[in-house]
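One-letter residues, chain by chain:
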Amino acid sequence: MNEFSSFDQPVMMKIDKIIDESNGTKSFMFRHKLDYDPGQFIMVWLPGIDEKPFAVSYLGDGFFGITVLERGKFTKLLHKMEPGERIGIRGPFGHGYSFPDSIKNGKGSVCVIGGGCGMASVTVLIEKLQENNLTILMGASTSTSLFFKNRYKDITLFTDDGSEGIKGYPTDVLEDLHNQHRYDIIYTCGPEIMMSKVYEFCKKHDIQFEASLERYMKCGIGICGQCVCDGQMVCKDGPVFDLQALSKMDDFGKYSLLKSGKRVSLNEYADWRSC
Amino acid sequence: MSIPNLNTVLCGIKMSNPTVLPSGFLGTSKSLIKRVADNGVGAATIKSVSFKAREGHKNPTVIPFEGGMLNAVGYSNPGAEETAREFSNLKEVPIPVFASIIGTEPDDFVRVVDKLSANEFSAIELPLSCPHTPGFGLLAGQGTPESTGKIVSAVRKVSKLPIFVKLSPNIPEIGNLAKAAEDAGADAITAVNTLGPGMIINIEARKPILSYKVGGVSGQALRPVATRCVYDIYESVKIPIIGTGGVSTGRHAIEMIMAGATAIGVGTGIYERGIDVFRKICLEMEIWMSENNYNSIHEMIGIAHE
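Residues numbered from 1 in each chain as written. Chains lettered and ligands numbered in written order. Predicted model: local features only at pLDDT ≥ 70, side-chain atom pairs only at ≥ 80, totals over all residues. Heavy atoms only, no water.

Undergrad: Residues and numbers for the overall build of chain B, please.
TA: In terms of helices and strands, chain B carries nine helices and 16 strands. Relative to its length of 306 residues, chain B is compact, with a C-alpha radius of gyration of 18 Å against a globular reference of 19 Å. Projected onto the principal axes, the alpha-carbon positions of chain B cover approximately 55 × 50 × 40 Å. The long-range fraction of contacts in chain B, counting pairs at least 24 apart against all pairs at least 6 apart in sequence, stands at 71%. Summed over its atoms, the accessible surface of chain B is roughly 11,500 Å², and 52% of this surface lies on carbon and sulfur atoms. In chain B, 28 side chains carry a positive charge and 29 a negative one; their mean positions are 6 Å apart. (Helix = DSSP H or I, 4+ residues; strand = E, 2+ residues; numbered from the N terminus. Rg over C-alpha atoms; globule rule 2.2 N^0.38 Å. Contact = heavy atoms within 4.5 Å. Areas by Shrake-Rupley, 256 points an atom, 1.4 Å probe, with all protein chains shown as cover. Lys, Arg positive; Asp, Glu negative; His and termini not counted. Charge placed at Lys NZ, Arg CZ, Asp CG, Glu CD.)

Undergrad: Let's hear about the pairing of strand β13 (residues 208-212) of chain A: which residues, and what values?
TA: Side chains on a regular strand alternate between the two faces of the sheet. Residue and element names in this part refer to chain A. Judged by how many residues are buried, β13 sits mostly within the fold: four of five residues are covered. Pairing of strand β12 (residues 185-189) with β13 involves four bridges; the strand directions are parallel. Within β13, the residue paired with Tyr187 across the bridge is Glu210. Read from β12 through helix α4 (residues 192-205) to β13, the crossover connection turns out right-handed. (Buried < 20%, exposed > 50% of the residue type's maximum accessible area, 1.4 Å probe, protein only. Pairing = 2+ DSSP bridges. Right-handed = clockwise from strand over helix to strand, strands pointing away.)

Undergrad: Just give me the short version of the pattern of salt bridges, but keep the residues and values in it.
TA: Opposite charge on two side chains makes pairing possible when the charged atoms of those side chains draw close. Going through the model one piece at a time under the given rule, you end up with 24 salt bridges over all chains. We note a salt bridge from Arg111(B) to Asp108(B), for which the minimum N-O separation is 3.7 Å. In this pair, Arg111(B) and Asp108(B) both sit in helix α3 (residues 106-115), three residues apart, roughly one turn of the helix. On the basis of relative accessible area, Arg111(B) is assigned to the partly exposed category, the value being 40%. Counted as one network, the salt bridges with shared partners bring together Asp251(A), Arg263(A) and Glu86(B). (Salt bridge = Lys/Arg side-chain N within 4 Å of Asp/Glu carboxyl O.)

Undergrad: Outline the interface of chain B and chain A, supporting the account with residue identities and numerical values.
TA: On the chain A side, the residues contacting the 37 residues of chain B number 35 residues. Around 3,000 Å² of area is buried between chain B and chain A when both sides are counted, 57% of it from carbon and sulfur atoms. Area buried by chain B at its contact with chain A is led by Glu55(B), Asn59(B) and Tyr271(B), which between them contribute 19% of it. Summed over the shared surface of chain B and chain A, the number is two salt bridges. A salt bridge links Glu86(B) to Arg263(A); the nearest nitrogen and oxygen atoms lie 3.1 Å apart. Counting across the interface, chain B meets chain A through 13 residue pairs in polar contact (both at pLDDT 80 or more). Elements represented by at least two residues in the side of chain B that touches chain A include exactly α1 (30-38), β5 (62-65), α2 (80-86), β13 (207-208) and α8 (268-273) of chain B. With four residues, β5(B) is the single largest residue contributor to the side of chain B that touches chain A. (Buried area = accessible area lost by both parts, 1.4 Å probe. Polar contact = N/O pair within 3.5 Å; in protein donor to acceptor, adjacent residues only side chain to side chain.)

Rendered as structure tokens:
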């Protein structure tokens with residue numbers, strides 16, 4: 001089994017180690033090779049329960065990990081699991097972040113913005129950008145929801161309530177930071193409202209931009225149409241899209257599909273996802 | 001030698017080529033149907049719609065295996081009213097679009113047809129053959145000549161659109177069932193729905209992978225069964241057949257046409273060869289037809305029976 005590093009069907013993998021990241025957030029580590037590009041996702045299966053997509057937040061030689069916020073029934077069950085127990089993994093799937101020539105070989109300025117648990121999707125990306133002039137911004141609703149804050153030397157923290165770091169949103173300081181660093185590209189993963197603000201900023205200042213979208217997924221392999229966003233399949237064409245692609249996606253920042261396929265506002269979608 | 005003509009006419013509906021997107025694949029939105037059209041499909045079927053919204057089964061709902069795919073999505077759909085809204089102004093889509101309609105009782109089908117009456121669908125498909133959703137298809141006994149006849153007659157009374165009836169490959173003497181559909185007023189037969197249900201167990205987890213445990217088999221494993229069903233149906237009815245099941249290359253498509261199909265469904269082939277599978281199949285058909293001196297689809301329909 002160990003010679004394979006991507007999987008069409010779920011493969012049961014032993015949880016090697018569990019890391020407590022912050023209140024309600026844990027990382028689950030697996031001692032297994034994974035052929036993963038930053039921004040891709042894997043489908044995590046709890047047999048007999050459900051299956052959900054997650055970004056890989058730790059990746060190394062012969063190991064990988066995912067970081068999971070306890071939110072609904074599925075993540076509660078996952079949080080109760082112990083090292084040695086097994087869960088199903090299939091993937092990786094989808095299209096991850098790209099690395100334009102402007103930032104290759106350590107050239108160029110890059111900004112990475114993680115919002116809430118979206119931070120988990122940009123960690124492997126951040127590790128690939130260590131040679132660049134890199135700004136990392138992380139926002140969360142409150143102090144206890146921040147995680148990975150000690151994982152990077154230079155990270156600027158924001159909380160909505162001001163309980164830690166700067167009170168407000170990462171987008172508040174983008175103008176100043178860009179004047180200082182002249183970013184070649186900004187990557188982001190987080191609440192779509194935040195990402196669409198960053199998108200508008202990048203469009204205005206002609207900065208390359210890539211965002212990782214979240215939609216309810218079923219097949220994960222680009223055939224069922226559940227995660228559609230204006231003709232794009234988030235599971236297959238995304239989850240990472242660049243500025244040009246997003247400019248053609250009217251639903252970006254506005255609408256998402258419920259499990260039935262009903263298209264609703266992002267607020268209504270977020271309410272459904274959080275229960 | 002001139003380029004062969006892939007045009008086909010299905011119940012009076014003109015198609016630039018015989019490929020059809022079957023229900024359940026990418027048919028959730030008008031934007032995706034347009035994208036499939038951009039990739040060369042001849043006509044497309046929307047995801048099956050019931051009167052009320054349905055969430056379907058839990059994940060995992062789709063799982064590939066060596067011979068194709070197993071799925072039990074469970075007819076998730078936003079209901080007839082939302083579907084009517086999503087697929088309004090279908091003139092924007094450059095290909096014919098078919099509405100796949102599901103229900104438990106004949107009246108349910110009629111209510112959905114009614115809700116969609118203002119939409120510009122080119123045909124109605126009735127999949128009376130799903131193997132994995134309680135209340136629908138095989139699990140509701142809709143695959144008998146009596147039940148199929150009742151549902152088709154009920155829809156016939158309220159719609160002038162061509163009606164396609166989608167049959168299960170599980171039915172013995174499938175030709176008789178196709179004949180019952182034809183007698184009740186069906187205009188075409190879609191053959192076939194997924195086979196089974198089947199099951200795939202993860203032996204380390206000691207559990208079936210699909211949350212519903214069982215699901216319909218599609219893809220390569222289904223193809224010889226589907227071809228035989230099309231062959232049998234062609235001998236029993238006069239109405240055209242949409243041959244569906246495991247077609248992913250031009251050779252497969254021609255095989256299905258020779259068995260008797262006028263049009264060809266391609267679903268699992270999207271997973272195998274990408275969303276441009278339709279364009280690939282058409283190109284492969286053209287090359288083969290050209291090399292073998294066929295000028296049109298029409299010349300090849302049913303010639304395996306001669």
